[in-house]
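An overview of the molecular structure
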Amino acid sequence: MKLEGVIISVDFADLLAETLPLNLRHFDRLVVVTAPEDVETQRICRFYGTPHVQTDVFRSRWAEFHKARGINLGLSNIDQADWVIHLDADMVLPPQTRTLIERADLDKNLLYGCDRYVVPGFEAWRLHQAMPPLQQDNYHVHMDLFPLAP
């Protein structure tokens, strides 16, 4: 199974610096899409050897932020052979994500999604990273660590 990912990161380099090294392990190929002026995101990508695409499609006179255009550009930079995960710069996948996906009997004709949890601040994130509680066992993800995003 090939697992590829696209991360959108424009002016979120501080968060990407935390999340990228944790997410990289899950993917066969991961591409970050950012703006040309976001040199900090580009630096983080170079540090971790992560392919990144610079584009000015995010902004126009009609909309403040065209995220979908960035996602589409990211998708055009991967094979899309098996499975694709789209993430934002502030998202971290659970440590056993790859294993759980490989064990699941997923249907390639379906689109899957997942809930998003909100870590209430950087201090809570640091505490979680210092002594993380078990988030999953075999096929179950524990849903009570952080509040669900609205």
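Residues numbered from 1 in each chain as written. Predicted model: local features only at pLDDT ≥ 70, side-chain atom pairs only at ≥ 80, totals over all residues. Heavy atoms only, no water.

Observations concerning the sheet that holds strand β1 (residues 3–8)
Two pairing modes exist for strands in a sheet, parallel and antiparallel, and in both the strands are linked by backbone hydrogen bonds. If you trace the four strands from one edge of the open sheet to the other, you get β3-β2-β1-β4, paired in parallel fashion. Strands at the two margins of the open sheet, each flanked by one partner only, are β3 (52–54) and β4 (83–88). Here the strands of the sheet are splayed against their neighbours by 20° on average, with no regard to which way each runs. One ladder, built from five bridges, connects β1 with strand β2 (residues 29–34); its direction is parallel. By the bridge assignment for β2, isoleucine 7 is matched with valine 32. The strands that helix α3 (residues 67–75) touches are β1, β2, β3 and β4; relative to β1, the one it contacts most, it runs at about 145°. (Pairing = 2+ DSSP bridges. Helix = DSSP H or I, 4+ residues; strand = E, 2+ residues; numbered from the N terminus. Axes fitted to C-alpha atoms, helices over the stretch in contact; angles between N-to-C directions. Contact = heavy atoms within 4.5 Å.)

Comments concerning the packing of aromatic side chains
Within this structure, the stated rule accounts for two aromatic pairs. Measuring from centroid to centroid gives 4.9 Å for phenylalanine 47 and tyrosine 48, while their planes differ by 85°, and the two rings are edge-to-face. Residue classification places tyrosine 48 among the partly exposed positions, given a relative accessible area of 33%. (Phe/Tyr/Trp six-rings, centres within 6.5 Å; stacked < 30°, edge-to-face > 60°. Buried < 20%, exposed > 50% of the residue type's maximum accessible area, 1.4 Å probe, protein only.)

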